[in-house]
Amino acid sequence: MKDNLEIGSRIRNIRESMQLSRSSFSEKINISEVFLSQIERGEKSISINTLINICDNTGFSADYILFGDTNNSSTSNRIIKLLGQLPPEANYIIYNMTNSLKDLCEKKHKR
């Protein structure tokens, strides 16, 4: 039960960080709103399919959802997922912006 509570709490935090209602999030991951509520409260366990749907739709890793492991950068995964949804010309613009930001940070760090 403790594991379910911790997993549910992480899933709720993910949903809230994405600023999604239970209704929107449950639709996105293909489960009922009632079931999502039960998962978030630790009353029900998630299936492998639900875990995969959450990972696919949020960019968070299964390691984070199941174990709270933040070694695998969930932020990086979320950025990669977003980039995959953009047209190629937008990725080129974002690459240039990111490269410029990296250069700026390196210059600031050298001071």
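Let us look at the structure shown here.

Focus: the nonpolar core
Reasoning step 1: By size, the foremost hydrophobic cluster in this structure holds 15 residues, and its most contacted members are Ile11, Phe25, Ile29, Leu36, Ile46, Ile54 and Ile65.
Reasoning step 2: The set of elements that each furnish at least two residues to this core consists of helix H1 (2-17), helix H3 (33-40), helix H4 (48-58) and helix H5 (62-67).
Reasoning step 3: With sequence-adjacent residues up to four places away left out, Ile65 is seen in contact with Ile7, Arg10, Ile11, Ile14, Ile46, Leu51, Ile54, Cys55 and Phe60.

Here we look at the packing of H1 against H3
Reasoning step 1: Between H1 and H3, whose axes approach to 7 Å, the crossing angle comes to 120 degrees. Between H1 and H3, the angle falls in the class oblique. In this structure, H1 contributes Asn4, Gly8, Ser9, Ile11, Arg12 and Arg15 to the contact, and H3 contributes Leu36, Ile39 and Glu40.
Reasoning step 2: Classifying every residue of the contact of H1 with H3 gives 3 nonpolar, 3 polar and 3 charged.

What to know about a nonpolar patch on the surface
Reasoning step 1: A grouping of Tyr92, Ile93 and Met97 is seen on the molecular surface, where their side chains present a nonpolar patch of about 370 Å² in accessible area.
Reasoning step 2: The residue Met97 is located in helix H7 (residues 88-110) in this model.
Reasoning step 3: Met97 sits in the exposed class, given a relative accessible area of 56%.

About the thresholds
Residues numbered from 1 in each chain as written. Predicted model: local features only at pLDDT ≥ 70, side-chain atom pairs only at ≥ 80, totals over all residues. Heavy atoms only, no water. Core = buried A, V, L, I, M, F, W, Y, C linked by side-chain atoms within 4.5 Å. Buried < 20%, exposed > 50% of the residue type's maximum accessible area, 1.4 Å probe, protein only. Helix = DSSP H or I, 4+ residues; strand = E, 2+ residues; numbered from the N terminus. Contact = heavy atoms within 4.5 Å. Axes fitted to C-alpha atoms, helices over the stretch in contact; angles between N-to-C directions. Parallel < 35°, antiparallel > 145°, perpendicular 65-115°, else oblique. Nonpolar A, V, L, I, M, F, W, Y, C, P; charged D, E, K, R; others polar. Patch = residues over 30% accessible without salt bridge, like charges linked within 9 Å, V, L, I, M, F, W, Y side chains within 5 Å. Areas by Shrake-Rupley, 256 points an atom, 1.4 Å probe, with all protein chains shown as cover. Salt bridge = Lys/Arg side-chain N within 4 Å of Asp/Glu carboxyl O.

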